[in-house]
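Architecture and fold: a report
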Amino acid sequence: MAPSTEMRADAEINGHQKAYEIGGAGGGFEMEATDLKGRKFSLPVDSEHKAKKLKLYSFAAPHMRTFHLSWISFCICFFSTFAAPPLMPVIRDNLNLSKGDIANAGIASVSGSIISRLLMGTICDLVGPRYGCAILIMVTAPAVFCMSIVNGPTGFILVRFFISFALATFVSCQFWMSSMFTSKIVGLANGLAAGWGNLGGGITQLIMPLVYDLIRTSFGADDYVAWRLAFFLPGVMHITMGLIVLILGQDLPDGNYRQLQKSGNKISDSFAKVLYCAVTNYRMYIFALTYGFCLGVELTVDNIIAEYFYDRFDVNLHTAGIIASTFGLMNLVARPLGGVSSDLIAMRFGMRGRLWILWTIQTLGGFFCIILGITNGLVPSIVVMLVFSFFVQAACGATFGVIPFISRRSLGVVSGATGAGGNVGSILTQLLFFSSSRFSTEAGIKLMGVMSVACTTVILFTYFPQWGGMLCPPTKATEEDYYASEWTRDEQAAGLHLASLKFAENAKGERGKSRLVASAAAPATNL
Amino acid sequence: MAFELLQCHLRILFLWLVAMALVLAAEGGVLFSSLEETMVVTADIQGQNWTDGPRIRTARVGDDHMLIKWALNSTLTGLGVDREYTTVKIRLCFAPISQVERGWRKTNNDLRKDKTCSIPITSQKYTTEGNFTDWTIRRNVPGASYFVRVYVSDVNGTQLAYGQTTDRLKTSNLIIIQPITGRHLSIDVASVVFSISSVGALLGFLIAEFRRMK
């Protein structure tokens, strides 16, 4: 999302308007194109038939329908991955779990997706995001149903591991958005889809205890039977959504992969070179680490918070679930706002502003995590938790305001590595702070906050020669220098880097207002 | 005007803080170490004779009953120790072996925070002759090692004394309760059926689409 985009953010973000529209700066020429079959698109599109606008209240095929199918599938996968934590007080008694078992299951629940996310990118490339999403969601449904038949810690850990494969729908979601929306709007579309998908982690904390209670009271089922039956809900949601995606979804604005002949406009790159380019960029490692302390912390808290409130404050399962759900539900606004704030600050201060705001938001998140660990009352804890959740989730959004600029050639690998870093962060925090009885849960939360603040400081080391870093000013290097340097001399001679140059031109906005004005006033230099 | 509003907010905040402080101050509960063990409690599993059977007994949820008898220690009768005893609460408590690595069952000297005896059995009025209760083990009792404890409280609910079926170290006379699994054949079958239908629906759809493409 280049900051030079005019966000016709008719702050008519007030809901009084019928359609919530956010437009790209493509002022005049909004063509009402038709797809290959001659049907009109309901949104203005570019030459690739990608939409230039986002109409959130519309379900029109193909663009907005894709948007809704993607985020809802992702939401359902989050729902089932975190369906066990709110029922943990019952499950831990039924399966005789120890604290270590619960922590291992929590770690397993964020590990499976590391593997599946790596595979998902390739699957989407080969068969399309529609099949990728539907196949994944329907193949993980048996894992969800298996939760109803587990007998002990081993089974529980294994099932949570296999269910977590479903979180790879994040990749198919982002991939699908990139096929349907232009580059100016894709950042926002992805941010909303990711944020609303993460909502699933909050919704599940609310719904699962309700379903459990309903089964217990209406059908008079035993506690240990009721929670098993409750898992049929996410399972059935998987099957239903998978079928809906297959029936209603399509890979590209013009149709499905198999139906279309791909026109060879896209230059295919060598995977080894793309990987090398990513692996040698130190910024990838910085953001993989820091994402571990915003998304990672969010995933960890999704796993422990309901049990925390149940045990520490003696509220019942129902109430603990409601409180825990508010954490995840903040994603509705927090994550998109994080992305928006990154864009807004970039308009004035460029990339340096993005880095500063990311560091600030994430450090505040860590700070409030520490406070949560030392708060003793129920109501103050809830308030602190809400503030904490806002900052942590906004940090996730702000991170993806920076990621697109780290590398152009290896954007996929960098994004993937960042996502994986998020999961690794969750594994690390659960392992260190919540798996042994050495710390109480509140002490664990406090220490997690401390580690979060400490690890976020590595953002200080990020430096872009053309834009500067948090503490260091930029050099005279240009965006073209930076992005072209990802290609070798030979590749540049062959003209393979032209797309990167185009991106570099668009990325000039990251210089910030003062430098942009200065460079506009100065005489034009030859490239 | 803004200043008055600020003053008003500060006053409300101050009052709230005072209220919270009072609430928190009132929270302190009775300490277990201050209670005297004046009651004698026995727990029998129907059909199992505990004097000559093994020291650790097992009971199955849903099948077995527990007969719990409690009374004031006979050496203390007539001394007026039970002047204020009003209610007797009988609870099932986790033995230390079942508390390992399970912080949600942790023993805390402050009875308000103590989670050892989190499973209530019943509540009875105190009588000098003692009483008994026949308890069918509830179906949501987890599998673990237990002992039975009674707390005697006064008219306000403040604990005054206790009695338990085990010794101070909580290692003898334990009862192992075997829980229900919660699994039923119908759930297993439904689980398998749904799983197969998920994969089957997917394959069917893919095959149908593949055929149509040709």
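Residues numbered from 1 in each chain as written. Chains lettered and ligands numbered in written order. Predicted model: local features only at pLDDT ≥ 70, side-chain atom pairs only at ≥ 80, totals over all residues. Heavy atoms only, no water.

Thoughts on the nonpolar core
Condition: Among buried residues, those of type Ala, Val, Leu, Ile, Met, Phe, Trp, Tyr and Cys that are joined through side-chain atoms within 4.5 Å constitute a nonpolar core. Any residue under 20% of the maximum accessible area for its type is buried, any over 50% is exposed, and the rest in between are partly exposed; the area is computed with a 1.4 Å probe on protein chains only. Every residue pair with non-hydrogen atoms within 4.5 Å of one another is taken to be in contact.
Of all hydrophobic cores here, the largest spans 102 residues; its most connected members are F67, I91, F181, W227 and F231 of chain A together with L92 and V148 of chain B. Those residues in contact with V148 of chain B that lie beyond four places of it in its chain are V41, A43, M66, I68, I90, R91, L92, I121, G163, Q164, T165 and I175 of chain B. Of all hydrophobic cores here, the second largest spans 44 residues; its members include A194, I286, L295 and A394 of chain A.

Overview of the state of the cysteines
Test applied: Here, a disulfide means two cysteine sulfur atoms that sit within 2.5 Å of each other.
Summed over the entire model, instances satisfying the criterion amount to 1 disulfide over all chains. The thiol of C77 of chain A is unpaired, and the distance to the nearest cysteine sulfur, on C133 of chain A, comes to 6.7 Å.

Here's the deal with the side chain of D110 of chain B
Residues and elements named next belong to chain B. So the rule is basically this: Numbering goes from the N terminus for both helices and strands, where a helix is a DSSP run of H or I of at least four residues and a strand is a run of E of at least two. Positive charges come from Lys and Arg alone, negative charges from Asp and Glu alone, with His and the N- and C-terminal ends not counted. Any Lys or Arg side-chain nitrogen found within 4 Å of a carboxyl oxygen on Asp or Glu counts as a salt bridge. Think of a polar contact as two N or O atoms within 3.5 Å of one another; within protein, one of them needs to be a possible hydrogen donor and the other a possible acceptor, and neighboring residues in sequence only count if both atoms come from side chains.
Mapped onto the secondary structure, D110 falls in the loop between strand 5 (87-94) and strand 6 (119-125). Although D110 is buried, it forms no salt bridge, and the closest oppositely charged side chain is K113 at an N-O distance of 4.4 Å. Within the structure, the side chain of D110 is placed 3.2 Å from the backbone nitrogen of G29, a separation counted as a polar contact.

With respect to the packing of helix 9 (residues 200-218) of chain A against helix 15 (residues 317-329) of chain A
The geometry of a pair of packed helices is captured by two quantities: the angle between their axes and the separation between those axes. All names here are of chain A. What counts here: Here an angle of 0 to 180 degrees is reported between the N-to-C directions of two axes, which are lines fitted to C-alpha atoms, with helices fitted over the stretch in contact. Reported orientations rely on four angle classes, namely roughly parallel under 35 degrees, roughly antiparallel over 145, roughly perpendicular from 65 to 115, and oblique for the rest. Two helices crossing with the near one rotated counterclockwise from the far one by less than a right angle form a left-handed crossing, whereas a clockwise rotation gives a right-handed crossing. We call Asp, Glu, Lys and Arg charged. Ala, Val, Leu, Ile, Met, Phe, Trp, Tyr, Cys and Pro are nonpolar, and the rest, Gly among them, are polar.
Packing of helix 9 against helix 15 leaves a shortest axis separation of 5 Å and a crossing angle of 160°. Here helix 9 is positioned roughly antiparallel relative to helix 15, judged by the angle of their axes. Between helix 9 and helix 15 lies a crossing whose hand is left-handed. Counted together, G202, I203, Q205, L206, P209, L210, Y212 and D213 of helix 9 and L317, H318, G321, I322, A324, S325, G328 and L329 of helix 15 form the full contact between these two elements. Across the contact of helix 9 with helix 15, the residue classes tally to 9 nonpolar, 6 polar and 1 charged.

So, the UniProt feature "transmembrane region" (unreviewed entry) in chain B
Filter applied, for reference: UniProt positions are given in the numbering used here, feature names are shortened, and annotations may be inferred rather than shown by experiment.
Within the UniProt annotation, "transmembrane region" (unreviewed entry) is assigned to residues 189-208 of chain B. In residues 189-208 of chain B, the share of helix is 100% and the share of strand is 0%. The end C-alpha atoms are 28 Å apart.

Here's the deal with the packing of aromatic side chains
This is how the line gets drawn: Each aromatic pair joins two rings of Phe, Tyr and Trp (for Trp, the six-membered one) with centres within 6.5 Å, and gets the label stacked for planes under 30 degrees apart, edge-to-face for over 60, and tilted for any other angle. Put simply, a charge is over a ring when the Lys NZ or the Arg CZ is close to the ring centre, within 6 Å, and near the line of the ring normal, within 35 degrees.
What the rule picks out here adds up to 34 aromatic pairs over all chains. Ring geometry for W227 of chain A against F231 of chain A: centres 6.0 Å apart, planes inclined by 85°, an arrangement best described as edge-to-face. Overall, W227 of chain A belongs to the buried group, its relative accessible area being 0%. Considering the side-chain rings of F232 of chain A and F194 of chain B, the 5.4 Å spacing of their centres and the 75° angle between planes classify their relative orientation as edge-to-face. Separated into two different chains, F232 of chain A in helix 11 (residues 232-248) and F194 of chain B in helix 2 (residues 185-213) make up a pair that spans both. Ring-pair connections join several aromatic residues into one group, and the members of that group are F405, F464, W467, Y482, Y483 and F503 of chain A. The side chain of R408 of chain A reaches across the aromatic face of F503 of chain A, ending 4.7 Å from its centre. Here the guanidinium or amino end of R409 of chain A rests over the ring plane of W487 of chain A, the centre of that ring lying 3.9 Å away.

Quick look at the pattern of salt bridges
Enumeration over the complete set of coordinates arrives at 18 salt bridges over all chains. With a shortest N-O distance of 2.9 Å, R216 of chain A and D213 of chain A are connected by a salt bridge. Taken together, the residues span about one helical turn, with R216 of chain A and D213 of chain A both in helix 9 at a distance of 3 residues. Residue class for R216 of chain A comes out partly exposed when judged on its relative accessible area of 29%. Overall, D213 of chain A belongs to the buried group, its relative accessible area being 19%. Of the charged contacts in the structure, one is a salt bridge between D63 of chain B and R60 of chain B, with a shortest N-O distance of 2.8 Å. Given the relative accessible area of 46%, D63 of chain B is considered partly exposed. Taken together, the salt bridges that share partners define one network made up of E479, E480, K508 and R511 of chain A.

Observations concerning the sheet that holds strand 4 (residues 65-72) of chain B
Residues and elements named next belong to chain B. The condition is simple: Here the rule is simple: two strands pair whenever DSSP picks up at least two bridges between them.
Strand order across the open sheet formed by 3 strands is 2-4-7, with antiparallel pairing between neighbours. Looking at which strands have only one partner, the edges of the open sheet turn out to be strand 2 (39-45) and strand 7 (131-136). When strand polarity is set aside, the average angle formed by the axes of neighbouring strands in this sheet is 15°. Two strands pair when backbone bridges link them, and strand 2 and strand 4 are joined in this way by 7 bridges, in the antiparallel orientation. Bridged to V41 within strand 4 is W70.

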